[in-house]
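Listed below are the residues making up each chain.
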Amino acid sequence: QQQVKQSPQSLIVQKGGISIINCAYENTAFDYFPWYQQFPGKGPALLIAIRPDVSEKKEGRFTISFNKSAKQFSLHIMDSQPGDSATYFCAASLMRGSARQLTFGSGTQLTVLP
Amino acid sequence: GAVVSQHPSRVICKSGTSVKIECRSLDFQATTMFWYRQFPKQSLMLMATSNEGSKATYEQGVEKDKFLINHASLTLSTLTVTSAHPEDSSFYICSARGRAHESTDTQYFGPGTRLTVL
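Now for a quick tour of the structure. (Residues numbered from 1 in each chain as written. Chains lettered and ligands numbered in written order. Predicted model: local features only at pLDDT ≥ 70, side-chain atom pairs only at ≥ 80, totals over all residues. Heavy atoms only, no water.)

**Quick notes on a nonpolar patch on the surface**
Residue and element names in this part refer to chain A. A surface patch of nonpolar side chains, about 240 Å² in accessible area, is lined by Ile18, Ile20 and Met78. When you line up the elements, methionine 78 lands in the loop between β8 (72-77) and β9 (86-96). Using a relative accessible area of 34% as the deciding quantity, one classes methionine 78 as partly exposed. (Patch = residues over 30% accessible without salt bridge, like charges linked within 9 Å, V, L, I, M, F, W, Y side chains within 5 Å. Areas by Shrake-Rupley, 256 points an atom, 1.4 Å probe, with all protein chains shown as cover. Salt bridge = Lys/Arg side-chain N within 4 Å of Asp/Glu carboxyl O. Helix = DSSP H or I, 4+ residues; strand = E, 2+ residues; numbered from the N terminus. Buried < 20%, exposed > 50% of the residue type's maximum accessible area, 1.4 Å probe, protein only.)

Okay, structure coming up:
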């Protein structure tokens, strides 16, 4: 119930294309869904996040689509650039005791070809 | 703002030695800190959660006597890998959250520490 399933494992997109990464969860107690971007040898950096009371959130070229009934959410990267090449993790958060904790998806390695 | 640092960034040690990794919140007071472990090309696995001044809460399967966590102040948490063995080689990442971030549930991650045990 704590798992967050992420797909695809890897993704290759041409420059200017749209990158789409999907995640699904089981536990309806999750109430916060962030996406993180990680470059090799670095820690993850928060990219964008959404709460389940909205179906879409857009920040620049990055959009999260959220389907509460299907328990699925996805990240869309518009006009993908070579600099977007990184590993992307979806995550889901819920309260455990007195602290909020994140459960990460397995990650998607995105390569944007020039 | 919300910068988290880790030291060292890389460490190589001999089997049987202990290694200490520091995690600092540089511009905010971290009421909660988290320690994660990441194997190559894999996801982050939460090891433990610590609140300032209290004992860390370890995830199932994480040996608390092997991975000692101390959250002694609102800006510093340390992870000590005791009697390290080659299987402990991994990328260790901390994250922190302060009171100002609780409304957004945001954790800020450090750059990670690459531990290699020979």
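Having put the structure on the table, let's press on.
**Describing the environment of Arg100(A)**
Within the fold, Arg100(A) resides in strand β10 (residues 99-104). Expressed as a C-alpha distance, the spacing of Arg100(A) and Tyr25(A), which sit 75 residues apart in the sequence, is 17 Å. Setting aside anything within four residues of it in sequence, one finds Arg100(A) in contact with Asp31(A), Ser93(A), Leu94(A), Met95(A), Phe34(B), Arg97(B), Asp105(B) and Gln107(B). (Contact = heavy atoms within 4.5 Å.)

**Some details on the pairing of β8(A)**
All names here are of chain A. Relative to β8, strand β3 (residues 19-25) runs antiparallel, the two sharing six bridges. Looking at the pairing, cysteine 23 lines up with phenylalanine 73 of β8. Across six bridges, the pairing between strand β7 (residues 62-67) and β8 is antiparallel. Across the sheet, serine 65 pairs through a bridge with serine 74, a residue of β8. Once β7 ends, the chain turns through four residues before running back antiparallel as β8, passing lysine 71 with a positive phi of about 55°. (Pairing = 2+ DSSP bridges.)

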